[in-house]
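Here is what each chain is made of, one letter per residue.
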Amino acid sequence: MTRSRNFSLILLLIVALCSGAPSTDADRERRLEWWRDARFGMFIHWGLYALPAGYWNGREVPGIGEWIMNHAQIPVKEYEKLAAKFNPIRFDADQWVAVAKNAGMKYIVITAKHHDGFAMFNSKASKYNIVDATPFHRDPMKELAAACQRQGIRLCFYYSQTQDWHEPDGIGNNWDFPDESKKDFNRYFQAKVIPQVRELLTQYGPVGLIWFDTPRNMTREQSSQLADLVHTLQPACLVNGRVGNGMGDYDSAGDNQISFAKGTREWETPVTLNDTWGFKRDDNHWKSSEVLIHQLAMTLSQGGNYLLNVGPTAEGIIPRVSVERLAEVGQWMKVNSESIYGSTAGPYPYDFPWGVMTSGKSKLFLHVFHWPKENTFTLYGLKTKIGRAELLSNRGWPIQFKQQRTKDPEHYTLTLLIVPQPAPDAADSVIALTLTGKPEVVTELQQQPGRKVTLPAHLAEIHGSTAKLDTRGVVEHWTKKDEWVEWKFQVSQPGTFAIRVITSEQKYGNGWEGGHHVTVGVGGKTLDAVIKNDGKLDNPGNPYWPYVISKVGTVTLDKAGEYQLSLKPQSIESPKGYGLTLVSLEMEPM
Ligand code: JFZ
């Protein structure tokens, strides 16, 4: 008995060791703990590409800065010369970390090696690194690790595992190495990637996470080799989703995308402050701090983390405008961070005309982007009794409120009686509601105070097989006219409404298709319309996807109660295959 038990224990141990200590769900939970609490991090894209800063041979190279070697097809021998000139003597690790900390960020993810293949750390595995190949001779990762320790921020590394334009066997460089048949990706992977990731996890103390990228050709074996290596060397270190093959601890949203991702796995969205990751001298397309704060709150309201990028110069300076924007976000964070750290997605399945909601422990945080013009604030559908309402900017001065419930139809109204004017914060004033029990809300769509009805695509019933929700919660690939959508919703204040359909352009405005004939059926009436460009809708949360408004017509709903609305195409124009890219249908009170 004892012998066979001992034997099985030993067997178990052997199995565990041989399989590279497989990581369990419990391990993953433990790793995610700090990350869930942190919510807000700094991305840093820094490398040789900061020297050309968007220009090659006197010409501006379009696109993101860190891709200049690829976009301008710069030969390895030419690009390598940048290393001899890279001398960021004004780099100050403590100052960088202080910028992150002052913004309210809890972790830093810095490019240890980007697609250009140049290691920004001391590497024995490749001489093509900042200590050996530049006049700088310092290891900025070592200095950052120490500064992060001092200031209580988690240091994390970005590492490009597939694309390496410096290596003949890496992915992506077909100008120096055009012969694909000669390439052996696994040779590069074992000779450079594995040793360098090992260095990152053994030379700099505790690492919060490794942010892999562009998984492309990664096999299941390679993804798991990498994830296991990380988890074996540092069991507390997370691996992001772009390690490939679903082997990450959490998912990464598409770049610059605020996803609709409620209830799915943990996720994070990487966002640029201007339009580039790596420094570009002439990219002055900075997002306002208002947009940044909205994006932060929107991401968190969907349960995601927000990773905001800076691209330091070749001298080692974080651009002044970036520092300013982050300081502004930090000002907001100083007042409102209770609604950020450790928060989870809001309980409602939709956003509000005024903003979004995040959840805390026994609290709801209302992020009010559009402050009411009147002196009251109304929320429908909250069933839980609240004990207190207050502005995070004015704690200790509770706001008077009343909660009402009517039956037939069942309706819940919370009214905050006196709210101050003007808005306490022009970008996002946060109201905290302290709950007396578990949060319970009406999840069916309903007309909002102010009488507007918004029917988002992600809450529609989609009758079709090709039209599908993308990760933004937008219906894509709707090209068949026999596919249609419908919604159910509650109306509490009847009246006349102007209906408009909101559709989305492709990313960066690269294409939009209209001319579709549709019918909208609601309340026993049918409206005919053509989806056409009647104007642009401001879409600051997802600024790289412009939204288009199409007017449909007006409709009168003359009694309160439940309604159904259907949107059916009679024809869809889709020469490019985009078709009807549906964001929502809106009913504006008239
Ligand atoms: C990648 C990199 O190529 C880029 O240089 C930068 O580092 C960025 C953070 O990540 O670019 C991507 C990767 C994935 C998507 C878009 C851009 N995506 O899934 O939409």
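Remember, predicted model here, so these are calculated numbers, not experimental data.

What follows is about the sheet that holds strand β14 (residues 377–380). Pairing in this open sheet of 3 strands is antiparallel, and the strands run β14-β17-β16 from one edge to the other. Looking at which strands have only one partner, the edges of the open sheet turn out to be β14 and β16 (401–406). Sheet twist, expressed as the mean angle between neighbouring strand axes with direction ignored, is 15 degrees. Relative to strand β17 (residues 411–416), β14 runs antiparallel, the two sharing 4 bridges. Bridged to Y380 within β17 is T413.

With that settled, consider the sheet that holds strand β13 (residues 363–368). Within a beta sheet, neighbouring strands are joined by backbone hydrogen bonds and run either parallel or antiparallel to one another. Strands sit in the order β11-β12-β13-β18-β15 across an open sheet of 5 strands; the sheet is antiparallel. The open sheet terminates on both sides in strands that have one partner only, identified here as β11 (344–345) and β15 (386–391). Bridge analysis of β15 against strand β18 (residues 429–435) gives 5 bridges, and the strand direction is antiparallel. What sits directly across from I386, in β18, is L435. Strand contacts of helix α10 (residues 289–301): β11, β12 (355–360) and β13, with the helix running at about 55 degrees to β12, the strand carrying the most contacts.

Further remarks concern the pairing of strand β24 (residues 495–504). Counting buried positions along β24 gives 8 out of 10 residues, so the element sits mostly inside the fold. Across 10 bridges, β24 lies against strand β28 (residues 547–557) in antiparallel orientation. By the bridge assignment, I499 is partnered in β28 with G553. Strand direction decides the pairing type here: β24 and strand β30 (residues 582–589), joined by 7 bridges, are antiparallel. Counterpart to A498 in the pairing with β30 is E588.

Now for the site of the ligand. Around the ligand, the neighbouring residues are F43, H45, E66, W67, H114, H115, Y158, D213, R242, G254, D255 and W277. Contact between the ligand and H115: an oxygen atom at 2.8 Å from a side-chain N or O atom of the residue. Relative to its free-state accessible area of 450 Å², the ligand is covered by the protein chains to the extent of 75%. A per-class count over the shell around the ligand returns 4 nonpolar, 4 polar and 4 charged.

It is worth spelling out the packing of aromatic side chains at this point. Per the stated rule, a full pass over the model turns up 24 aromatic pairs. With 4.9 Å between their ring centres and 55 degrees between their planes, F43 and W211 make a pair best called tilted. Taken together, the residues span a long stretch of sequence, with F43 in strand β1 (residues 40–44) and W211 in strand β6 (residues 209–212) at a distance of 168 residues. Given a relative accessible area of 1%, F43 falls into the buried group. Seen from their ring centres, Y348 and F352 are 5.0 Å apart, and the 80 degrees between their planes marks the pair as edge-to-face. Grouping aromatic residues by their ring pairs yields a cluster made of Y348, Y350, F352, W354 and F377. K106 extends its terminal NZ or CZ atom over the ring of Y341, reaching a point 4.4 Å from the ring centre. We note K568 situated over the ring of W484; from NZ or CZ to the ring centre the distance is 4.3 Å.

Before going further, it helps to spend a moment on unusual backbone geometry. The step from D408 to P409 runs through a cis peptide bond, and the omega angle for that step is -5 degrees. Within the secondary structure layout, P409 lies in the loop between β16 and β17. With omega at -10 degrees, the peptide bond leading from Q421 into P422 counts as cis. Its location among the elements puts P422 in the loop between β17 and β18.

A few words now on the packing of helix α8 (residues 185–202) against helix α9 (residues 220–233). Remark: α8 packs on α9, axes separated minimally by 10 Å, with the N-to-C direction vectors making an angle of 20 degrees. Looking at the two axes, α8 sits roughly parallel to α9. Where α8 crosses over α9, the handedness of that crossing is right-handed. Of α9, the residues touching α8 (which contributes F185, N186, F189, Q190, V193, I194, V197, R198, L201 and T202) are Q222, Q225, L226, L229, V230 and L233.

Below, the discussion takes up the pattern of salt bridges. In total, this model carries 33 salt bridges according to the counting rule given. With a shortest N-O distance of 2.9 Å, R242 and D213 are connected by a salt bridge. Taken together, the residues R242 in the loop between β7 (238–239) and β8 (251–252) and D213 in the loop between β6 and α9 connect sequence positions 29 residues apart. Residue D213 is classed as buried on the basis of its relative accessible area of 7%. Measuring nitrogen to oxygen at the nearest pair gives 3.5 Å for the salt bridge that ties K532 to D534. When salt bridges with common partners are traced through the structure, they connect R28, E29, R36 and E266 into a single cluster.

Tracing the backbone through its elements, the reader meets I74 in the loop between α3 (68–71) and α4 (76–85). Exposure remark for I74: the relative accessible area of 1% places this residue in the buried category. Expressed as a C-alpha distance, the spacing of I74 and C156, which sit 82 residues apart in the sequence, is 29 Å. Residues in contact with I74, not counting those within four places in the same chain, are W56, I68, M69, Y79, W175 and D176.

Rules of the game
- Residues numbered from 1 in each chain as written.
- Predicted model: local features only at pLDDT ≥ 70, side-chain atom pairs only at ≥ 80, totals over all residues.
- Heavy atoms only, no water.
- Pairing = 2+ DSSP bridges.
- Helix = DSSP H or I, 4+ residues; strand = E, 2+ residues; numbered from the N terminus.
- Axes fitted to C-alpha atoms, helices over the stretch in contact; angles between N-to-C directions.
- Contact = heavy atoms within 4.5 Å.
- Buried < 20%, exposed > 50% of the residue type's maximum accessible area, 1.4 Å probe, protein only.
- Near = heavy atom within 4 Å.
- Polar contact = N/O pair within 3.5 Å; in protein donor to acceptor, adjacent residues only side chain to side chain.
- Areas by Shrake-Rupley, 256 points an atom, 1.4 Å probe, with all protein chains shown as cover.
- Nonpolar A, V, L, I, M, F, W, Y, C, P; charged D, E, K, R; others polar.
- Phe/Tyr/Trp six-rings, centres within 6.5 Å; stacked < 30°, edge-to-face > 60°.
- Lys NZ or Arg CZ within 6 Å of the ring centre and 35° of its normal.
- Parallel < 35°, antiparallel > 145°, perpendicular 65-115°, else oblique.
- Left-handed = near helix turned anticlockwise from the far one by under 90°.
- Salt bridge = Lys/Arg side-chain N within 4 Å of Asp/Glu carboxyl O.

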